[in-house]
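Notes for the structure review
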Amino acid sequence: MNKKIFILLSFIVIIASLLRFWGLGKVPASPDWDEVALGYNAYSIMQTGKDEYGKAMPIILRSFDDYKPALYAYLTIPSIQAFGLNVFAVRLPSAIFGVLMVIGVFFLVKELFKKDNFALLSAFLLAISPWHIQFSRVAFESGVGAALNVFWILFFIKGLKKAEYLILSALIMGLNLYMYQSEKVFIPLVLMALIYIFRKEFFAINRKYIVTSLVVLVIISLPLIHFTLTNKEALARARGVSIFSDNTLVERNSQKLIQDHENKDILGLVLDNRRVEYARGVVSGYLSHFDFNWLFITGDLARHHAPNMGLMYLWELPFLLVGIYSLAIGKFSQNFGKKEKLFIFVWFLLVPIPASITSGVPHAVRTLNFLPLFQIFTAVGILAAIKEVSSIKYQVLSIRIKYLAFGVSFLFLIFNFLYYLNQYFVQQNYFTSEEWQYGYEKAIPFIQNQQDKYDKIVVSNSAPLDQSYMFFLFYLKYDPSLYKEETKNSSGGFRENHKFGKYEFRPIVWDKENNAQKILYVGRDKDFPPQARRLFQVNYLNGSPAISIVER
């Protein structure tokens, strides 16, 4: 790498770091339940070697009965050790891997296409990507999973020339299976695609390296395979979000079949078959991830994008389309190898497959592996557009068209980028604090100061205060050993009520509450009548009530 490229890459890394580390513990405004669960389980493992359920050195966290892969929790332990159990420490691994992914994309694109300017531009686009920034600043395992995918693919490609890299690729690949659920489907698909597309180069490698890499992958995967085969709840999360568990689809299908029987509609009996409905749902879910409205305008859940924005910048749209065309059949595609181009498009088409069989699609988290592909296509489009526009010699009012085009495009880019920064870093907390389950950080210190005055503290676990017990464990830094002793290692699943110390977590029904004890109630404002004595109230950042603390 020459000095100029190193300086430019360093500049890109600085930008990526600023966008991911600035205000990391404060934007978004609060951790959600998954973040505090990962943080507290990491804290528990660090202190006791066991998770909240008393499972020693788990590879899977039962958590809220969603059975999360545990690798992110282990990555969080060093930052919790260094900074304490807080939001910044829990999000730090995600931000670090977000920056590392930017660096990895530079080397991956360079390895595939041998062009420094293309690699730099792809890395820069990822550095400022709203989609990538969103998930690099929260403790969502998918962001780290996407980064690890970039690195194992990079080392696989490098391993085709220098076989030792294959072993490193297998190591990272195996570890990534413990990061996020989608990777269990995505990684085998991409690996098969790589071996098929580069089969000539792959099978020319010395067999000892292939065998060694396979052994490494199998050894790392064995605990996960054993857990999946021996634990009936291992696939609970997959079943919970699967389109095949969607009862509304079955009910709708049954109603159609009844009508078809009554109308003697033979074609309807065939097309309204449950299997046809499922197939239609899978195809529809797959195609939904190529919806421009989702990508550029609306996004999906409020926690997955900045307010009033999609997942990508509007200015990227024309360059994305030009890039896909140019890389596929345009003149610009002649600059790149056929196998490398084929792999990029196959990767692109494989990404939505894990998400397509789930409900709630399109889904930005489950398809985060679209990154860095959108950036690669957009970079191709920008380079192709620059090449074409640079050849234009026409003038309008003595102004060359190419300078006008460059100027307008640059101004729109800057405007869109500044708008995004405002929406994410300034407006987001105001608009989405409820979705981020804001309020516990302010409420819990007050409760902790008052707890000795009361026989019991009852905390609502009704939406949006779902899984409130985990927020209390997190912010109280509750002794994991004491918690496991009090709960007899049973903790509590997704639908269960919880208890520890003076705290009891359940729905609050005011008219039926016990008056015999002195109880402090923590809940939603609507859980309490207007005349109830409110000792303290936390509002969402838009001013609406979040958490009310009431004395009976």
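Going by the structure above, here's the rest.
The text that follows walks through the structure, step by step, so that each part is easy to find. (Residues numbered from 1 in each chain as written. Predicted model: local features only at pLDDT ≥ 70, side-chain atom pairs only at ≥ 80, totals over all residues. Heavy atoms only, no water.)

**Points about the nonpolar core**
The condition is simple: Buried Ala, Val, Leu, Ile, Met, Phe, Trp, Tyr and Cys residues that are joined via side-chain atoms within 4.5 Å together make up what is termed a nonpolar core. The classification of residues rests on relative accessible area computed with a 1.4 Å probe and restricted to protein chains. Under 20% of the type maximum is buried, over 50% is exposed, and intermediate values are partly exposed. Helix numbers and strand numbers start at the N terminus; a helix is a DSSP run of H or I with at least 4 residues, a strand a run of E with at least 2. Contacts are assigned to residue pairs with any non-hydrogen atoms lying within 4.5 Å of each other.
In this structure, Trp131, Phe472 and Phe500 are the most contacted members of the largest nonpolar core, which totals 165 residues. Counting residues per element, this core draws most heavily on helix 4 (residues 87-113), at 13 residues. If near-sequence neighbours (up to four positions away) are discounted, Trp131 is found in contact with Trp294, Leu295, Leu311, Ala364, Thr367, Leu368, Phe370, Leu371 and Phe374. Core analysis: the next-biggest nonpolar cluster, separate from the first, contains eight residues, Val458, Tyr521, Phe528 and Val550 among them.

**Quick look at the pairing of strand 5 (residues 456-459)**
The test is simple: Strands pair, by our definition, only if DSSP identifies at least two bridges between them.
Both faces of strand 5 are covered, namely the face carrying Lys456 and Val458 and the face carrying Ile457 and Val459. In the sheet, strand 5 pairs with strand 8 (residues 519-523) via four bridges, with the strands oriented parallel. Bridge pairing links Val458 to Tyr521 in strand 8. Taken together, the three bridges between strand 5 and strand 7 (residues 503-505) define a ladder with parallel strand orientation. Counted as the bridge partner of Val458 is Glu504 from strand 7.

**Focus on the environment of Glu486**
Quick note on the threshold: Here a polar contact means two N or O atoms within 3.5 Å. Within protein one must be a hydrogen donor candidate and the other an acceptor candidate, and residues neighboring in sequence count only if both atoms are side-chain atoms.
You can see Glu486 is positioned in helix 24 (residues 480-487). Note: C-alpha distance between Glu486 and Lys499 (13 residues apart in sequence) is 8.3 Å. At a separation of 3.1 Å, a polar atom in the side chain of Glu486 contacts the main-chain amide nitrogen of Gly501.

**Considerations on the pattern of salt bridges**
Definition in use: Salt bridges are defined as contacts in which a side-chain nitrogen from Lys or Arg sits within 4 Å of a carboxyl oxygen from Asp or Glu.
Evaluation of the coordinates by the stated rule reveals 17 salt bridges. Asp65 is the partner of Arg62 in a salt bridge, and the nearest nitrogen-oxygen pair spans 2.6 Å. With relative accessibility at 23%, the residue Asp65 sits in the partly exposed group. Residue Lys456 is joined to Glu504 by a salt bridge in which the shortest nitrogen-to-oxygen separation is 3.4 Å. Within this pair, whereas Lys456 is found in strand 5, its partner Glu504 is found in strand 7, the two being separated by 48 residues in sequence. Through salt bridges with shared partners, a single ionic network connects Glu111, Lys114, Lys158 and Lys161.

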